[in-house]
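Spelled out from the first residue to the last, the chains are:
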Amino acid sequence: MTPKSYNIVVMGSGGVGKSALTIQFVRSVFVDEYDPTIEDSYRKTITVNGKPKILDVLDTAGQEEYNTLRPQYIRSGDGFLIVYSITDKQSFFDAKKLQSEILNTKDADPGTIPIYLVGNKKDLEDMRAVPTAEGQAFATESTIGFLEASAKTAEGVTEMFTELTNKIDEMSCKP
Ligand code: GDP
Ligand code: MG
(Lines give C-alpha, C1' and ligand atoms only; values in the text may rest on other atoms or scores of the structure.)
(Ligands and ions follow the chains in the order given, each with its own letter.)
Protein backbone atom coordinates (compact mmCIF):
# COMPACT_ATOMS: atom_id res chain seq x y z
CA MET A 1 0.00 0.00 0.00
CA THR A 2 1.39 3.39 -0.91
CA PRO A 3 1.76 5.66 2.10
CA LYS A 4 -0.55 8.63 2.29
CA SER A 5 1.10 11.97 1.54
CA TYR A 6 0.42 15.32 3.14
CA ASN A 7 1.03 18.83 1.84
CA ILE A 8 2.04 20.89 4.83
CA VAL A 9 2.56 24.63 4.56
CA VAL A 10 4.65 26.49 7.15
CA MET A 11 3.58 30.14 7.39
CA GLY A 12 4.35 33.08 9.65
CA SER A 13 6.10 36.44 9.54
CA GLY A 14 9.81 36.80 8.79
CA GLY A 15 12.29 35.72 11.46
CA VAL A 16 9.90 33.62 13.56
CA GLY A 17 11.82 30.42 12.81
CA LYS A 18 9.90 28.72 9.98
CA SER A 19 13.10 27.51 8.31
CA ALA A 20 14.77 26.56 11.59
CA LEU A 21 11.71 24.48 12.62
CA THR A 22 11.43 22.82 9.20
CA ILE A 23 15.12 21.92 9.07
CA GLN A 24 15.13 20.73 12.68
CA PHE A 25 12.24 18.44 11.76
CA VAL A 26 13.73 17.16 8.49
CA ARG A 27 17.44 17.00 9.36
CA SER A 28 17.56 17.13 13.19
CA VAL A 29 19.91 20.12 13.28
CA PHE A 30 19.44 23.74 14.36
CA VAL A 31 20.47 26.21 11.66
CA ASP A 32 21.32 29.58 13.14
CA GLU A 33 21.63 31.49 9.90
CA TYR A 34 19.32 30.56 7.08
CA ASP A 35 18.74 32.80 4.05
CA PRO A 36 15.38 34.47 4.84
CA THR A 37 14.50 34.72 1.13
CA ILE A 38 14.73 30.98 0.43
CA GLU A 39 11.43 29.20 -0.05
CA ASP A 40 11.83 25.47 -0.42
CA SER A 41 10.01 22.21 0.07
CA TYR A 42 11.24 19.15 1.93
CA ARG A 43 10.05 15.57 2.10
CA LYS A 44 10.19 13.36 5.15
CA THR A 45 8.52 10.04 5.87
CA ILE A 46 7.38 9.42 9.42
CA THR A 47 5.71 6.39 10.97
CA VAL A 48 2.68 6.92 13.17
CA ASN A 49 1.07 3.87 14.83
CA GLY A 50 2.93 1.64 12.39
CA LYS A 51 1.69 3.57 9.37
CA PRO A 52 4.15 5.45 7.13
CA LYS A 53 3.17 8.98 6.18
CA ILE A 54 4.93 11.09 3.58
CA LEU A 55 5.16 14.74 4.56
CA ASP A 56 5.82 17.34 1.88
CA VAL A 57 6.68 20.47 3.82
CA LEU A 58 6.72 23.89 2.19
CA ASP A 59 8.85 26.39 4.12
CA THR A 60 7.50 29.69 2.86
CA ALA A 61 9.35 33.00 2.72
CA GLY A 62 8.45 36.63 2.14
CA GLN A 63 5.22 37.05 4.10
CA GLU A 64 4.71 40.71 3.20
CA GLU A 65 1.18 42.09 3.12
CA TYR A 66 0.97 41.45 -0.58
CA ASN A 67 2.28 38.13 -1.77
CA THR A 68 0.79 36.95 -5.05
CA LEU A 69 1.91 33.36 -4.55
CA ARG A 70 0.21 32.96 -1.20
CA PRO A 71 -3.30 32.05 -2.43
CA GLN A 72 -1.74 29.40 -4.63
CA TYR A 73 0.08 27.57 -1.86
CA ILE A 74 -2.82 27.99 0.55
CA ARG A 75 -5.08 26.22 -1.95
CA SER A 76 -2.59 23.37 -2.33
CA GLY A 77 -2.09 22.87 1.41
CA ASP A 78 -3.72 19.98 3.29
CA GLY A 79 -2.67 21.42 6.62
CA PHE A 80 -0.99 24.54 7.98
CA LEU A 81 1.50 25.41 10.67
CA ILE A 82 1.14 29.08 11.54
CA VAL A 83 4.27 30.10 13.38
CA TYR A 84 4.90 33.13 15.57
CA SER A 85 7.72 33.86 17.99
CA ILE A 86 6.85 34.03 21.69
CA THR A 87 9.35 36.95 21.86
CA ASP A 88 7.55 39.02 19.22
CA LYS A 89 4.02 40.28 19.79
CA GLN A 90 3.64 41.58 16.24
CA SER A 91 4.34 38.10 14.87
CA PHE A 92 1.41 36.84 16.97
CA PHE A 93 -0.90 39.46 15.42
CA ASP A 94 0.40 38.41 11.99
CA ALA A 95 -0.39 34.78 12.83
CA LYS A 96 -4.01 35.74 13.59
CA LYS A 97 -4.28 37.48 10.22
CA LEU A 98 -2.82 34.47 8.41
CA GLN A 99 -5.42 32.23 10.02
CA SER A 100 -8.20 34.38 8.57
CA GLU A 101 -6.46 34.50 5.23
CA ILE A 102 -6.33 30.70 5.03
CA LEU A 103 -10.06 30.47 5.77
CA ASN A 104 -10.89 33.20 3.25
CA THR A 105 -8.73 31.70 0.52
CA LYS A 106 -10.18 28.23 1.03
CA ASP A 107 -13.65 29.73 1.49
CA ALA A 108 -13.95 27.61 4.63
CA ASP A 109 -15.74 27.96 7.97
CA PRO A 110 -13.68 28.27 11.16
CA GLY A 111 -12.65 24.89 12.53
CA THR A 112 -12.87 23.05 9.20
CA ILE A 113 -9.23 23.34 8.07
CA PRO A 114 -6.37 21.46 9.79
CA ILE A 115 -4.29 24.24 11.36
CA TYR A 116 -1.82 24.33 14.23
CA LEU A 117 -0.71 27.58 15.82
CA VAL A 118 2.93 27.27 16.91
CA GLY A 119 4.61 29.62 19.41
CA ASN A 120 8.30 29.16 18.56
CA LYS A 121 11.48 30.17 20.46
CA LYS A 122 10.19 28.65 23.69
CA ASP A 123 13.82 28.48 24.87
CA LEU A 124 13.86 32.30 25.09
CA GLU A 125 11.63 32.44 28.17
CA ASP A 126 13.40 35.59 29.48
CA MET A 127 12.33 37.47 26.36
CA ARG A 128 8.77 36.20 26.26
CA ALA A 129 6.25 38.78 24.95
CA VAL A 130 3.27 36.50 24.27
CA PRO A 131 1.93 34.59 27.30
CA THR A 132 1.14 30.92 26.67
CA ALA A 133 -2.46 31.58 27.75
CA GLU A 134 -2.88 34.16 25.01
CA GLY A 135 -1.78 31.74 22.28
CA GLN A 136 -3.98 29.03 23.76
CA ALA A 137 -7.00 31.35 24.00
CA PHE A 138 -6.78 32.37 20.36
CA ALA A 139 -6.37 28.75 19.24
CA THR A 140 -9.35 27.63 21.33
CA GLU A 141 -11.65 30.35 20.04
CA SER A 142 -10.57 29.59 16.46
CA THR A 143 -10.86 25.80 16.91
CA ILE A 144 -7.28 25.18 15.82
CA GLY A 145 -4.46 23.28 17.53
CA PHE A 146 -1.81 24.98 19.64
CA LEU A 147 1.60 24.24 20.99
CA GLU A 148 4.83 26.01 21.88
CA ALA A 149 8.11 24.76 20.44
CA SER A 150 11.77 25.52 20.06
CA ALA A 151 13.70 24.90 16.87
CA LYS A 152 16.84 25.36 18.95
CA THR A 153 16.22 22.64 21.56
CA ALA A 154 13.90 20.64 19.24
CA GLU A 155 11.18 20.68 21.90
CA GLY A 156 7.75 20.23 20.32
CA VAL A 157 9.10 19.98 16.78
CA THR A 158 8.21 16.36 15.97
CA GLU A 159 4.92 16.85 17.82
CA MET A 160 3.79 19.82 15.75
CA PHE A 161 4.18 17.89 12.49
CA THR A 162 2.76 14.62 13.84
CA GLU A 163 -0.22 16.29 15.51
CA LEU A 164 -1.00 18.21 12.32
CA THR A 165 -1.04 15.04 10.20
CA ASN A 166 -3.33 13.42 12.79
CA LYS A 167 -5.62 16.43 12.52
CA ILE A 168 -5.60 16.15 8.71
CA ASP A 169 -6.60 12.48 9.00
CA GLU A 170 -9.39 13.25 11.48
CA MET A 171 -10.80 16.14 9.47
CA SER A 172 -10.65 14.46 6.06
CA CYS A 173 -12.42 11.35 7.43
CA LYS A 174 -10.15 9.01 5.45
CA PRO A 175 -7.33 7.83 7.73
P1 GDP B 1 12.11 32.41 9.19
O2 GDP B 1 12.32 33.74 8.55
O3 GDP B 1 10.75 32.33 9.81
O4 GDP B 1 12.41 31.24 8.30
O5 GDP B 1 13.13 32.34 10.45
P6 GDP B 1 14.53 31.54 10.56
O7 GDP B 1 14.28 30.10 10.67
O8 GDP B 1 15.45 32.00 9.50
O9 GDP B 1 15.00 32.08 12.00
C10 GDP B 1 15.22 33.46 12.24
C11 GDP B 1 16.22 33.62 13.39
O12 GDP B 1 15.68 33.11 14.59
C13 GDP B 1 17.53 32.85 13.16
O14 GDP B 1 18.60 33.61 13.66
C15 GDP B 1 17.34 31.59 13.98
O16 GDP B 1 18.56 31.08 14.42
C17 GDP B 1 16.49 32.10 15.15
N18 GDP B 1 15.65 31.03 15.71
C19 GDP B 1 14.76 30.26 15.03
N20 GDP B 1 14.14 29.42 15.87
C21 GDP B 1 14.65 29.63 17.09
C22 GDP B 1 14.40 29.07 18.39
O23 GDP B 1 13.57 28.17 18.60
N24 GDP B 1 15.13 29.57 19.43
C25 GDP B 1 16.05 30.56 19.26
N26 GDP B 1 16.71 30.97 20.35
N27 GDP B 1 16.29 31.13 18.07
C28 GDP B 1 15.61 30.67 17.00
MG1 MG C 1 12.99 31.13 6.29
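Remember, predicted model here, so these are calculated numbers, not experimental data.

## As for the site of ligand 1
Taken together, 18 residues lie near ligand 1, and Gly 17, Lys 18, Ser 19, Ala 20 and Lys 152 sit nearest. Among the elements that take part in the shell around ligand 1, helix H1 (residues 18-27) stands out by supplying three residues, more than any other. Taken together, the residues that form the shell around ligand 1 break down as six nonpolar, seven polar and five charged.

## Some thoughts on unusual backbone geometry
Although it is not a glycine, Asp 107 sits at a positive phi angle of roughly 50 degrees. Mapped onto the elements, Asp 107 comes out in the loop between helix H3 (89-106) and strand S5 (115-120). A residue is classified by how many C-beta atoms lie within 10 Å of it, and Asp 107, with 7 of them, is exposed. The backbone of Ala 154 shows a phi angle near 75 degrees, a positive value even though the residue is not glycine. Turning to its location among the elements, Ala 154 is positioned in the loop between strand S6 (145-148) and helix H5 (157-172).

## Topic: the nonpolar core
Residues Ile 8, Leu 81, Ile 82 and Tyr 116 are the most contacted members of the largest nonpolar core, which totals 41 residues. Listed by contribution, the elements that provide at least two residues to this core are strand S1 (4-11), H1, strand S3 (51-59), strand S4 (79-85), H3, S5, S6 and H5. Beyond its immediate sequence surroundings of up to four residues, Ile 82 is in contact with Met 11, Gly 12, Ala 95, Leu 98, Gln 99, Ile 115, Leu 117 and Val 118.

## Description of the environment of Ala 139
With respect to the helices, strands and loops of the structure, Ala 139 is situated in helix H4 (residues 132-141). Excluding residues within four positions of it along the chain, Ala 139 makes contact with Leu 117, Ile 144, Gly 145 and Phe 146.

Cut-offs used in this document
- Residues numbered from 1 in each chain as written.
- Chains lettered and ligands numbered in written order.
- Predicted model: local features only at pLDDT ≥ 70, side-chain atom pairs only at ≥ 80, totals over all residues.
- Near = placed C-beta within 6 Å.
- Helix = DSSP H or I, 4+ residues; strand = E, 2+ residues; numbered from the N terminus.
- Nonpolar A, V, L, I, M, F, W, Y, C, P; charged D, E, K, R; others polar.
- Buried ≥ 20, exposed ≤ 12 C-beta atoms within 10 Å, placed from the backbone.
- Core = buried A, V, L, I, M, F, W, Y, C linked by C-beta atoms within 7 Å.
- Contact = placed C-beta atoms within 7 Å.

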